[in-house]
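Take a look at the letters that make up each chain.
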Amino acid sequence: MVGKLLIYVAFVASLISIIGFFLAHMGKENFLKIGRLFFHITVIGVLTAALYLMYNVLTHQFQFSYVWEQSSTDLQLPLLVSTFWAGQEGSFMLWGLFTAIIGIFLMNYVSKGERMEAQVMAMFTLVLSFITLILILKSPFHYLWETFPKDVEFGYQPVEGRGLNPLLQNFWMAIHPPTLFLGFASLTVPFAFAMGALLKNDFDSWASFSVPWILFSGGILGLGIMMGGYWAYSILGWGGYWAWDPVENSSLIPWIINVASLHTIIAQRKTGGYKKTNLLLSILAFLLVLYSTFLTRSGILGDSSVHSFTDPGAEVYAALLAFIITFSVISIGMILFRFKNLKDIRTESSQLMTKESLLFIGALLLCASALVIFVGTSLPIFSKAKVDMTFYNNMNLPIAIGLMLTMGLSLYIDWKQTDYKKFVNNLILPGILSFVTLIVLIIIGLQNPIYILFAFVSLIAFFINARIAVRILKSGKMNVGGMFAHIGIALFFLGVIGSAKYSQEVNLSLQEGKTQEAFGYKFTYVGANPFMDANNKRDTMYAFNINVEQDNKEMIMRPVMFFSKFSNGVMKSPDIAYFSYKDLYLSPMSLEEPSPYPSESLYSLKKGSKTKANELEVEFIDFDFGTMQKGGKEMASGNYTLGAILKVNDGVNTETLNLKTKFTEGTPSPTPFTMQNNKKYVFYFLNMSVKGEEAGGTTASVSIMDPSTVSSGSEKETLVVAASIKPFISVLWTGVLILFVGFILSIVRRRKEILFKQPAKNAEEVKKDSNPKNKGKKK
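Everything numeric here is computed off the predicted structure, so don't read it as measured data. (Residues numbered from 1 in each chain as written. Predicted model: local features only at pLDDT ≥ 70, side-chain atom pairs only at ≥ 80, totals over all residues. Heavy atoms only, no water.)

Asker: Mind showing me how you'd approach the overall build of the protein chain here?
Answerer: Tallying secondary structure elements over the protein chain gives 21 helices and 18 strands in all. Here the C-alpha coordinates of the protein chain stretch approximately 120 × 70 × 45 Å along the principal axes. Residues classed as buried in the protein chain amount to 53% of the 779 residues present. Restricting the contact set of the protein chain to residue pairs at least 6 apart, pairs at least 24 apart contribute 69%. For the protein chain, the computed accessible surface area is about 36,300 Å², with 61% contributed by carbon and sulfur atoms. (Helix = DSSP H or I, 4+ residues; strand = E, 2+ residues; numbered from the N terminus. Buried < 20%, exposed > 50% of the residue type's maximum accessible area, 1.4 Å probe, protein only. Contact = heavy atoms within 4.5 Å. Areas by Shrake-Rupley, 256 points an atom, 1.4 Å probe, with all protein chains shown as cover.)

This is the structure:
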């Protein structure tokens, strides 16, 4: 009961903390200490509960149903640790853990200066209280006899757990979910700042204080999303990095909104505009995290997503729904309550084309993309239809083109007044470089006009941002985070064009020892090697060795397949050959074992019918059930012996054969028979096929073959693989890394700005600075 007690303590303490912070907001400053004290108690409760769950996992406390369901004693330490968050209960605990840890840093952050501590912490603690409530309803501390009261005796402790799903037994399982949940938890902070601003009726200072947190959320959540993409590409063998799966999308949507809010909040800090927009986007990003949690963990997408968890039960379903509704109502209510006070203070500008307007256009395009993905993701909730990938691709393509154009041009646009001659001159060099690079891409295969346009605007964005980044670095400054992020996005899109649009794929049936050609390579399957993986000691895996040759250079590629006892199915993992400008990707599909019965020897015989088999005339008389009842318990068990009676005439002799086959768990083991006076042919009864009369009725499947005519080649197994070439995918992954570096550089810069410089200007200061009469005056 220790774990449950800790969660109850955390939940009750969070409620008291909320009351304390709210009373402090109402002017009763003495209650601020109570809010802080009980928030610390809440954090201690969550942290201790998380440590207790980790202790249960590491020490194999299989009396807890969560530990039994997710872990086992044969897992290596990194995978054993990852079972902490492998299931629903553990993932909620991870979310609560990261939210609590972030809360400690946040409270220390907002307690310095006038940073709306009471208001921000009241909303932040309210979020944490809901997470602890879900942990009460979906606890990882239930005993087996509580979870399975009819099947498990009180006090029972198994010696072994069920184990981790083989799909999750990978290095990425140890880092991808924690990164994603850290991103989810961090989005609570901009939400809390936005709601704190609404509570305090102060819409200026929060924009400055929240920027490092928005950057942190964008960087971490974006990294987590692309980790998942690389995991799917390199390990799971799905053939790509993004399948527009509803659960994948549900994490992408809040990230896109977060990035949009980052750009408009920069405009607010500079010009005083977009106050309503920034509040809405910061709130919306968090609400979309709640929506993502609901989609993933409510079981509502169980039929349309490979990632979705199963139904968590009515109580948790209701709690998740209440989570979304409660914070949506609070958010909308506060915005409506303060709507009259939300007045934008804009600097005067005689130019329509300003940096402020282009930032807003970029944010608008990002929101349009998020809306498209939201609609496609939500459709399976209301309809059984699954949205095709082409919907997302076709709808997002024009948005991406507009986004790249905006991303490039905005850097040469001034905040107030742009010198158009200077603007055009600045575009000459990036334009020439983009055009020359585009010609090269067209020569090597880029043909589709819409993708030519997409590539061109992406190149424009790349060269403009790269040029400015180099200029800044040469000056000795490090404020290049935004440029690096833009360069990363441009490279990412160029990689998408190459790897997705111009990828080539073909299915190859590689019979052992025989060579096939594709993409200028020669593929030869040379056999399989069994091995035991250190991460999975329960299943024997098979590496299928494929010799790949091009220009007299050879290499061995080894895709993997094995039968998983955990999932009772075949698991597959690709092998990838990485080149500077492309990937050669081999994904195993199936292994076709050599059949002992050639296809030309197989006959389906209906009772009373006569069939010509070579020079033989064969008549199927009836089945021989012996003493067992047709369709009875013995046949239902799958363990029985069945016969088929044939009358065979070879032109000289007529004989009656009673062919027998023994079934073990439904698998037939036929006994060979021959005629007494003609040993040329061997007869096998393979199976009984029960069909309706319209489908031909019940038939006997038999093999009648002359062993001397069977080709030795039929004894070779055949490996079926999907082989594909993915051009320029390395550009995509390089773009992802540069994007993340850009976020990190921006976080460092903005953090120092908050600590060591003056806070952002408020509305009155913006007004004053925008007045031409005040220019040149000392402050």
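Asker: Hey, could you run me through the sheet that holds strand E1 (residues 504–511) in this one?
Answerer: Where strands meet in a sheet, backbone hydrogen bonds hold them as pairs that are either parallel or antiparallel. The sheet built from 4 strands is open, its strands ordered E1-E18-E9-E8 with antiparallel pairing. The open sheet has two edge strands, E1 and strand E8 (575–578), and neither has a second partner. Sheet twist, expressed as the average angle between the axes of neighbouring strands with direction ignored, equals 20 degrees. Looking at chain direction, strand E9 (residues 582–592) and strand E18 (residues 718–727) are connected through 10 bridges and run antiparallel. By the bridge assignment for E18, Tyr-585 is matched with Ser-724. (Pairing = 2+ DSSP bridges. Axes fitted to C-alpha atoms, helices over the stretch in contact; angles between N-to-C directions.)

Asker: I tried to follow the packing of helix H11 (residues 246–271) against helix H14 (residues 355–382) on my own but got confused; where do I start?
Answerer: Two quantities define a packed helix pair, namely the angle between the helix axes and the distance between the axes. The contact between H11 and H14 brings their axes to 9 Å, and the two run at 165 degrees. Considering their axes alone, H11 and H14 lie roughly antiparallel with respect to each other. The handedness of the crossing between H11 and H14 is left-handed. Facing Pro-246, Asn-249, Leu-252, Ile-253, Ile-256, Ile-257, Val-259, Ala-260, His-263, Thr-264, Ala-267 and Thr-271 of H11, the residues of H14 in contact are Glu-356, Leu-359, Ala-363, Leu-366, Cys-367, Ser-369, Ala-370, Ile-373, Phe-374 and Thr-377. (Parallel < 35°, antiparallel > 145°, perpendicular 65-115°, else oblique. Left-handed = near helix turned anticlockwise from the far one by under 90°.)

Asker: Sorry, what's going on with helix H8 (residues 171–186) here?
Answerer: At 3.6 residues per turn, the α-helix brings residues three or four places apart onto the same side. In a regular helix each residue adds 1.5 Å, so 16 residues correspond to 22 Å; H8 covers 24 Å between its end C-alpha atoms and thus fits that length. Of all 16 residues in H8, 12 are buried, a share of seventy percent or more. Among the residues of H8, those classed as buried are Trp-172, Met-173, His-176, Pro-177, Pro-178, Thr-179, Leu-180, Phe-181, Gly-183, Phe-184, Ala-185 and Ser-186. By the N-cap criterion, in which a side-chain oxygen at the helix start approaches the backbone nitrogen of a residue two or three places on, H8 is capped by Asn-170, the distance to Trp-172 being 2.9 Å. (Expected span 1.5 Å × (residues − 1). Polar contact = N/O pair within 3.5 Å; in protein donor to acceptor, adjacent residues only side chain to side chain.)

Asker: So what exactly am I meant to see when it comes to the pairing of E18 here?
Answerer: Two faces belong to every sheet, and in a regular strand the side chains alternate between them. Judged by how many residues are buried, E18 sits mostly within the fold: 10 of 10 residues are covered. Alternating residues of E18 divide into Thr-718, Val-720, Ala-722, Ser-724 and Lys-726 and Leu-719, Val-721, Ala-723, Ile-725 and Pro-727, and every residue in both groups is buried.

Asker: Would you mind going over unusual backbone geometry with me for this structure?
Answerer: When glycine is set aside, most residues are seen to have a negative phi, and most peptide bonds are trans. Backbone geometry at His-60 places phi at a positive 60 degrees, although glycine is not the residue there. The topology assignment puts His-60 in the loop between helix H2 (31–58) and helix H3 (65–70). The class for His-60 is partly exposed, based on a relative accessible area of 22%. Even without a glycine there, the phi angle at Asn-201 is positive, about 60 degrees. One can find Asn-201 in the loop between helix H9 (188–200) and helix H10 (205–236).

Asker: Honestly, the sheet that holds strand E12 (residues 616–624) in this entry has me stumped. Any pointers?
Answerer: One open sheet accounts for 5 strands, arranged E11-E12-E13-E14-E15; its pairing is antiparallel. Only two strands of the sheet have a single partner each, and these edge strands are strand E11 (610–613) and strand E15 (667–670). Within this sheet the neighbouring strands show an average axis-to-axis angle of 35 degrees, counted without direction. Here 4 bridges tie strand E14 (residues 654–664) to E15, and the two strands are oriented antiparallel to one another.

Asker: Explanation requested: the pattern of salt bridges in the structure shown.
Answerer: Pairing between side chains becomes possible if they bear opposite charge and their charged atoms approach one another. Counted according to the given criterion, the structure contains 7 salt bridges. In this structure, Lys-138 and Glu-89 form a salt bridge, with 4.0 Å as the shortest nitrogen-oxygen distance. Note that Lys-138 is positioned in the loop between helix H6 (117–137) and helix H7 (144–147) and Glu-89 in helix H5 (residues 88–110), a separation of 49 residues in sequence. On the basis of relative accessible area, Lys-138 is assigned to the buried category, the value being 16%. Classification of Glu-89 as buried rests on a relative accessible area of 14%. Across the salt bridge formed by Glu-615 and Lys-680, the nearest N and O atoms sit 3.5 Å from each other. Of this pair, Glu-615 sits in the loop between E11 and E12 while Lys-680 sits in the loop between E15 and strand E16 (682–689), placing them 65 residues apart in sequence. (Salt bridge = Lys/Arg side-chain N within 4 Å of Asp/Glu carboxyl O.)

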